[in-house]
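Chain and residue survey
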Amino acid sequence: MNRFNDQERRGLYHAIESRPIEDDVLARLIAAAHHAPSVGFMQPWEFVIVRDGGVRRAIYDNFNIANRAAADGYDGSRRELYDSLKLEAIVDTPINLCVTCNPASTRGFGLGRQTMPETAVYSTVCAVQNLWLAARAEGIGVGWVSILEPSVLRAVLQIPEDVLPVAYLCLGYVTEFRPEPELETRGWEKRLSLPELIHFDRYGTRDEPRARELLHSLKDDPMLEFERDR
Ligand SMILES: Cc1cc2nc3c(=O)[nH]c(=O)nc-3n(C[C@H](O)[C@H](O)[C@H](O)COP(=O)(O)O)c2cc1C
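Before going into details, it helps to say that this report is about the structure given with it. (Residues numbered from 1 in each chain as written. Predicted model: local features only at pLDDT ≥ 70, side-chain atom pairs only at ≥ 80, totals over all residues. Heavy atoms only, no water.)

**Some details on helix α6 (residues 150–157)**
What counts here: To sort residues, take the accessible area from a 1.4 Å probe on protein chains only and compare it with the maximum for the residue type: under 20% means buried, over 50% means exposed, and anything in between is partly exposed. The way it works is that DSSP assigns letters per residue, a run of H or I at least four long becomes a helix, a run of E at least two long becomes a strand, and they are numbered from the N terminus. The directions from the helix axis to the C-beta atoms are what the arc is built from. Here a residue-residue contact requires only that any non-hydrogen atoms of the pair lie within 4.5 Å.
Inspection of α6 places Leu153, Arg154 and Leu157 among the buried residues, and these make up the whole buried set. One side of α6 carries all its buried residues, which in axial view fall inside an arc of 100 degrees. Against β1 (45–50), α3 (53–71), β2 (95–101) and β4 (164–173) lie the buried residues of α6.

And the structure:
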């Protein structure tokens, strides 16, 4: 019997998942986030590093309430599928990270925000994406948990009223990175066909043959295996 039994395997994966993330690795991830582009060089982000078990359990309770309410919005086989998905890793991962945005900050002197104030939040999401890519390079998986009541999240983390909790992230080492999103594998949703998403000169002027022609090089592009067979 070479194979570990189920309990042993669960133990192994739990050990891998909960392996601590060293400070130097976390520092790199946060530095990567901090080097994201931002509107007017506003850098509206801040990072709440959550390691405390009590705080994480309070967030987990918040998730469970929000998740039960969300689950009730589905029925039949979609409900069954929803219930079978793992939608958070709040207490299983060694670090949770809340990325916040202060949209009222005057840093950057309002450049770029007169007509589009929402770019403060978009900049913060760029920071999340940078962190995500750096985490991938470090072998760390990131889960974004949005099934939370923001007012409760705010209260638990003591985030002031003028600061927005943009992303609540769970970070942990993972044993594998899947070749496609789990929601695709599990049949929750499909990836759209890229040519259907391209318009020329004006919105509403989709031209699929023209878009396919534009994208035809992807078929033999060794850099982009993921779009090759579509
Ligand atoms: C804005 C946003 C919110 C998300 N909220 C959730 C969530 O509440 N629960 C969940 O399981 N995944 C959520 N996801 C998806 C996952 O965190 C993540 O994208 C997915 O696990 C794939 O990660 P990977 O590409 O690093 O493998 C969210 C993703 C984004 C971009």
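**Points about the site of the ligand**
What counts is decided by this rule: Residues are labelled near a given molecule or strand when at least one of their non-hydrogen atoms is within 4 Å of it. Here a polar contact is taken to be a pair of N or O atoms separated by no more than 3.5 Å, where protein atoms must pair a possible hydrogen donor with a possible acceptor and residues adjacent in sequence count only if both atoms sit in side chains. Of the grid points, spaced at 1 Å and generated over the protein atoms alone, those admitting a 1.4 Å probe that cannot get out make up cavities, while open sets with protein on both sides within 12 Å along at least five of seven lines make up pockets; any residue with an atom within 4 Å of a point is treated as lining. Molecules are considered to sit inside a cavity or pocket once more than half of their atoms lie within 2 Å of its grid points. Here the term charged refers only to Asp, Glu, Lys and Arg, the term nonpolar to Ala, Val, Leu, Ile, Met, Phe, Trp, Tyr, Cys and Pro, and the term polar to all other amino acids, Gly among them.
Lys86, Leu87, Trp132, Gly143, Trp144, Val145, Ser146 and Ile147 make up every residue found near the ligand. Between Trp132 and the ligand, the recorded distance is 2.8 Å, taken from a side-chain N or O atom to an oxygen atom. Among the cavities detected, the one that contains the ligand is the largest pocket. Looking at the shell around the ligand residue by residue, the classes come out as 5 nonpolar, 2 polar and 1 charged.

**A closer look at the sheet that holds β4**
For the record, the criterion: We call two strands paired when DSSP finds no fewer than two bridges between them. Lines fitted to the C-alpha atoms define the axes, with helices restricted to the stretch that makes contact. Angles between their N-to-C directions range from 0 to 180 degrees.
Across the sheet, 4 strands lie side by side as β1-β2-β4-β3; this open sheet has antiparallel pairing. Two strands close off the open sheet at either side, each with one partner strand: β1 and β3 (140–144). Each strand axis lies, on average, 25 degrees off the axis of its neighbour in the sheet, ignoring direction. In this structure, β1 lies alongside β2, joined through 6 bridges in antiparallel fashion. Bridge pairing in β2 links Phe47 to Val99. Against the sheet, helix α2 (residues 23–34) engages β1, β2, β3 and β4, with an angle of about 160 degrees to β1.

**Some remarks on a nonpolar patch on the surface**
Inclusion rule: Patch definition: residues above 30% relative accessible area lacking any salt bridge, with like charges linked at up to 9 Å and the nonpolar side chains Val, Leu, Ile, Met, Phe, Trp and Tyr linked at up to 5 Å. Computed with the Shrake-Rupley method and a 1.4 Å probe, the accessible areas treat only the protein chains shown as cover for residues. The term salt bridge refers to a pairing of a side-chain nitrogen on Lys or Arg with a carboxyl oxygen on Asp or Glu at a separation within 4 Å.
Together, Phe4, Leu12 and Tyr13 make up an exposed nonpolar region whose accessible area comes to about 290 Å². If you trace the backbone, Leu12 turns up in helix α1 (residues 6–17).

**Points about the packing of α3 against helix α4 (residues 76–84)**
To characterise two packed helices, one gives the angle between the axes of the helices and the distance between these axes. Here is the rule: Working definition: roughly parallel below 35 degrees, roughly antiparallel above 145 degrees, roughly perpendicular at 65 to 115 degrees, and oblique for all remaining angles. Each helix crossing is assigned a hand: it is left-handed if the near helix lies turned anticlockwise from the far helix by less than a right angle, otherwise right-handed if that turn is clockwise.
Where α3 contacts α4, the axes come no closer than 10 Å and their chain directions differ by 160 degrees. Between α3 and α4, the crossing angle belongs to the class labelled roughly antiparallel. Where α3 crosses over α4, the two elements pack in a sense that is right-handed. The segment α3 lies against α4, with Asn67, Ala70 and Ala71 engaging Arg79, Tyr82 and Asp83. Taken together, the residues that form the contact of α3 with α4 break down as 3 nonpolar, 1 polar and 2 charged.

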